[in-house]
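Each chain is listed here by its residues.
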Amino acid sequence: MPSLVFFGLVYMVPLTVFTTYGIVTQITGGRVPLAYVITLIAMVFTARSYAKMAAVLPFAGSAYTYTQKTFGAGIGFVAGWALLLDYLFLPMINYLVIGIYLNAALPMVPSWVFVVAAIVLVTGLNIIGIVSVARANIVIIAAQGIFILTFAVLSAATISGAGTVDLAAPFTGDGTTEGLGPVMAGAAILCLSFLGFDAVSTLSEEAKDPKRTVPRAIVIATVTGGLIYILLSFIAQLVFPSNAFTDPESGSLDVMAAAGGQFLTIFFTAAYVAGASGSALTSQASVARILYAMGRDGVLPRGFFGRLSKRFLTPVFATVTVGVISLLALAVDLTFISEMVSFGALMAFSAVNLAVIKHYFIDGKRRGGAAVLSYVILPGIGFGLTVWLWTSLSPRTLIIGLVWLALGVTYLAFVTRGFRRPTPSLDLKE
């Protein structure tokens, strides 16, 4: 279980709070911690639903598998297709920010060089196997832990030397925006920070005692990551109570300079790039296994995606495919990728919350007050919160996301010959 928790935390990246920090600060008017509180509340309900489904369906595929086995292969495919959107884009975020921050530190080297080098390295490590990923995760988490302590100490010194400090400011804002709408818009983007608990569920076929360890790891990773995000964003907004960044995409560098000068800026860049590399490592591992699960089912070409390497026992073709797609990081911006990841995540989260109600209460006929609370009310709250966040995304994101879903339905119609044939699926047994 410790390795699963580390996998989830590395995927989430404790320092991912700084990935969209400048962007969300401007959207929320300096209320990033409040946005994280809202997101964490929604994610706790959804993580619980994932844990419930992982306990009865300990297979690779995450929301795709849970929805498929609960609602049928067709709806499962749509959920998996939505999940692919965020999983395919998340590695891109990591590769993009690696290029942004290393280029800021070494401006003589073009950012695309760092992006391509990271893609090649991460793809190679994922082909070797999941054990290499787990070992790297421990080192990456340790490095980020040391940075977090250093950042907290230096920030405390900076804040105490600044005289009077308004501790409520990170929750009340800087006055540039008003109302809950901007905070919800920021909270919707921040959903990408919590994909680690979904990623843990994709390792169910490689975990020991998955019915026990995976559900616990999902909840632990979600709560731990969320509390870290809230604390770090709170400290950051006290240190740098402004949204006047040199560049919103790398706005965290302004925070580091204010907290600890050049030393902390360099330390942050090193720790952040290590964290982003770890997240790229784990996110690419997860999406490759989702592609493998869909290929094994025959929904995607089985001969290509549904094959494992005889030497490494990993889905090599799926892993390389993700690496090639990640090259799109050279042509898109951070805000767009972040919103698209959140769109796909929220669609999948909604499906899993509904799957709990269907599996336990409707199909399993669990009755009584405790059952209604556990299998209807709590997942129902999770569903309502994820839909609320989903509708808070920008119109551009909603339009592109819906186009992606339409493409998925079109592809499904092709595979099933106009829905005249059943959607391919694999009969998984425990």
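Residues numbered from 1 in each chain as written. Predicted model: local features only at pLDDT ≥ 70, side-chain atom pairs only at ≥ 80, totals over all residues. Heavy atoms only, no water.

In the nomenclature of an unreviewed UniProt entry, the chain corresponds to Amino acid permease from the organism Brevibacterium ammoniilyticum. According to the UniProt record, the Subcellular location (unreviewed entry) comment for the chain reads "Cell membrane". (UniProt positions renumbered as here; feature names shortened; annotations may be inferred.)

A.B. asks: For this particular structure, what's the right way to read the overall build of the chain?
C.D. replies: Looking only at helices and strands, the chain has 17 helices and 0 strands in total. Here the C-alpha atoms of the chain give a radius of gyration of 21 Å, agreeing with the 22 Å that 2.2 N^0.38 yields for 430 residues. With respect to the principal axes defined by its C-alpha atoms, the chain has extents near 70 × 50 × 40 Å. Taking all 430 residues of the chain together, 56% fall into the buried category. In the chain, the proportion of contacts linking residues at least 24 apart, taken out of those at least 6 apart, comes to 83%. Working note: accessible area of the chain is about 16400 Å², and carbon and sulfur atoms make up 71% of it. A distance of 17 Å separates the average location of the 24 positive side-chain charges in the chain from that of its 17 negative side-chain charges. (Helix = DSSP H or I, 4+ residues; strand = E, 2+ residues; numbered from the N terminus. Rg over C-alpha atoms; globule rule 2.2 N^0.38 Å. Buried < 20%, exposed > 50% of the residue type's maximum accessible area, 1.4 Å probe, protein only. Contact = heavy atoms within 4.5 Å. Areas by Shrake-Rupley, 256 points an atom, 1.4 Å probe, with all protein chains shown as cover. Lys, Arg positive; Asp, Glu negative; His and termini not counted. Charge placed at Lys NZ, Arg CZ, Asp CG, Glu CD.)

A.B. asks: How should I be thinking about empty space enclosed by the protein in this particular structure?
C.D. replies: To locate leftover empty space, one rolls a probe as large as a water molecule over the atoms. Tallied over the entire structure, the rule returns 2 cavities of 30 Å³ or more. If you go around the largest cavity, you meet 13 residues; those closest to its centre are Met12, Val13, Thr16, Asn94 and Ser279. (1 Å grid on protein atoms, 1.4 Å probe; cavity = no way out; pocket = protein on both sides within 12 Å on 5 of 7 lines; lining within 4 Å. Points joined across faces, edges and corners; volume = space filled by probe spheres on them.)

A.B. asks: In this structure, what is going on with the layout of surface pockets? I would like to understand it.
C.D. replies: The space that makes up the second largest pocket amounts to roughly 190 Å³. What lines the second largest pocket is simply Thr67, Phe71, Ile75, Val78, Ala79, Ala82, Met347, Ser350, Ala351 and Leu354. Elements that contribute at least two residues to the lining of the second largest pocket include exactly α4 (63-71), α5 (73-105) and α15 (334-363). Partitioning the lining of the second largest pocket into residue classes produces 8 nonpolar, 2 polar and no charged. (Nonpolar A, V, L, I, M, F, W, Y, C, P; charged D, E, K, R; others polar.)

A.B. asks: What exactly am I supposed to notice about the packing of aromatic side chains here?
C.D. replies: Aromatic ring pairs: the centre-centre distance and the angle between the two ring planes describe each pair. Tallying each qualifying case throughout the model produces 25 aromatic pairs. Aromatic side chains Tyr360 and Tyr375 sit 4.4 Å apart centroid to centroid with 5 degrees between the ring planes, which places their arrangement in the stacked category. You can see Tyr360 sitting in helix α15 and its partner Tyr375 sitting in helix α16 (residues 369-390), a full 15 residues away along the chain. A residue is classified by how much of its surface remains accessible, and Tyr375, at 11% relative accessible area, is buried. Through successive ring pairs, a cluster of aromatic residues spans Phe18, Tyr21, Tyr101, Phe147, Phe151, Phe240, Phe245, Phe263, Phe267, Phe268 and Tyr272. When the ring centre of Phe361 is taken as reference, the NZ or CZ atom of Arg367 above it lies at 4.2 Å. For Arg417, the ring lying beneath its charged end belongs to Phe414, and the centroid distance is 5.7 Å. (Phe/Tyr/Trp six-rings, centres within 6.5 Å; stacked < 30°, edge-to-face > 60°. Lys NZ or Arg CZ within 6 Å of the ring centre and 35° of its normal.)

A.B. asks: Help me understand the nonpolar core in this model?
C.D. replies: Leu15, Phe18, Tyr50, Leu84, Phe147, Phe151 and Leu389 are the most contacted members of the largest nonpolar core, which has 133 residues in total. Take this core: its biggest share by element is 19 residues, from α5. Leave out the neighbours within four places in its chain, and Leu389 touches Ile38, Ala42, Met43, Met184, Ala187, Ala188, Cys191 and Leu346. (Core = buried A, V, L, I, M, F, W, Y, C linked by side-chain atoms within 4.5 Å.)

A.B. asks: Can you help me understand the confidence of the model for the chain in this one?
C.D. replies: The predicted coordinates ought not to be read in detail in places where the model reports low pLDDT. On average, residues of the chain score 83 in pLDDT, and 95% of them reach the 70 mark or higher. Mean pLDDT values over the elements of the chain span from 78, in helix α10 (residues 196-201), up to 90, in helix α3 (residues 32-56). (pLDDT = per-residue confidence, 0-100.)

A.B. asks: Help me understand the pattern of salt bridges, please; the structure alone is not making it clear to me.
C.D. replies: Side chains that differ in charge, positive against negative, can pair when their charged atoms come close. Scanning the entire structure with this criterion turns up 2 salt bridges. Residues Asp209 and Arg212 are paired through a salt bridge, measuring 2.8 Å at the closest nitrogen-oxygen approach. Looking at Arg212, the relative accessible area reads 40%, which means it is partly exposed. Across the pair Lys358 and Asp363 runs a salt bridge, and its minimum N-O distance is 2.9 Å. Residue Asp363 is classed as partly exposed on the basis of its relative accessible area of 41%. (Salt bridge = Lys/Arg side-chain N within 4 Å of Asp/Glu carboxyl O.)

A.B. asks: How should I be thinking about the environment of Gln237 in this particular structure?
C.D. replies: Here Gln237 is to be found in helix α11 (residues 210-239). Classification of Gln237 as buried rests on a relative accessible area of 6%. When the C-alpha positions of Gln237 and Thr25 are compared, they lie 8.7 Å apart, and in sequence the two are 212 residues distant. Setting aside anything within four residues of it in sequence, one finds Gln237 in contact with Tyr21, Thr25, Gly30, Arg31, Val32, Pro33 and Pro170.

A.B. asks: Would you take a moment to explain a nonpolar patch on the surface for this structure?
C.D. replies: Taken together, the side chains of Trp112, Val113, Val320, Val324, Leu327 and Leu330 define a hydrophobic patch exposed on the protein surface, amounting to about 510 Å² of accessible area. Elements represented by at least two residues in the nonpolar patch include exactly α6 (111-128) and α14 (316-325). Mapped onto the secondary structure, Leu327 falls in the loop between α14 and α15. (Patch = residues over 30% accessible without salt bridge, like charges linked within 9 Å, V, L, I, M, F, W, Y side chains within 5 Å.)

A.B. asks: How should I be thinking about the packing of α3 against α4 in this particular structure?
C.D. replies: Two quantities define a packed helix pair, namely the angle between the axes and the distance from one axis to the other. Where α3 meets α4, the closest approach of the two axes is 10 Å, and the angle between their N-to-C directions is 65 degrees. The orientation of α3 relative to α4 falls into the category roughly perpendicular. The way α3 lies across α4 gives a crossing that is left-handed. Of the residues in α4, those in contact with Tyr50, Met53 and Ala54 of α3 are Ala63, Tyr66 and Thr70. Grouping the amino acids of the contact of α3 with α4 by side-chain chemistry returns 5 nonpolar, 1 polar and no charged. (Axes fitted to C-alpha atoms, helices over the stretch in contact; angles between N-to-C directions. Parallel < 35°, antiparallel > 145°, perpendicular 65-115°, else oblique. Left-handed = near helix turned anticlockwise from the far one by under 90°.)

A.B. asks: I keep staring at unusual backbone geometry and nothing clicks. Help me out?
C.D. replies: Generally, phi is negative for residues other than glycine and the peptide bonds are trans, each holding for most cases. Phi is positive for Lys365, close to 55 degrees, though the residue is something other than glycine. Given a relative accessible area of 60%, Lys365 falls into the exposed group. Of note, Arg417 is a non-glycine position whose phi angle comes to about 55 degrees, a positive value. Classification of Arg417 by relative accessible area gives partly exposed; the value is 40%.

A.B. asks: Is there a simple way to explain the packing of α3 against helix α9 (residues 181-189) in this structure?
C.D. replies: Where α3 meets α9, the closest approach of the two axes is 8 Å, and the angle between their N-to-C directions is 65 degrees. Where α3 crosses over α9, the handedness of that crossing is right-handed. Across from Leu34, Ala35, Ile38 and Thr39 in α3, the residues of α9 making contact are Val183, Met184, Gly186 and Ala187. In terms of residue class, the contact of α3 with α9 is built from 6 nonpolar, 2 polar and no charged.

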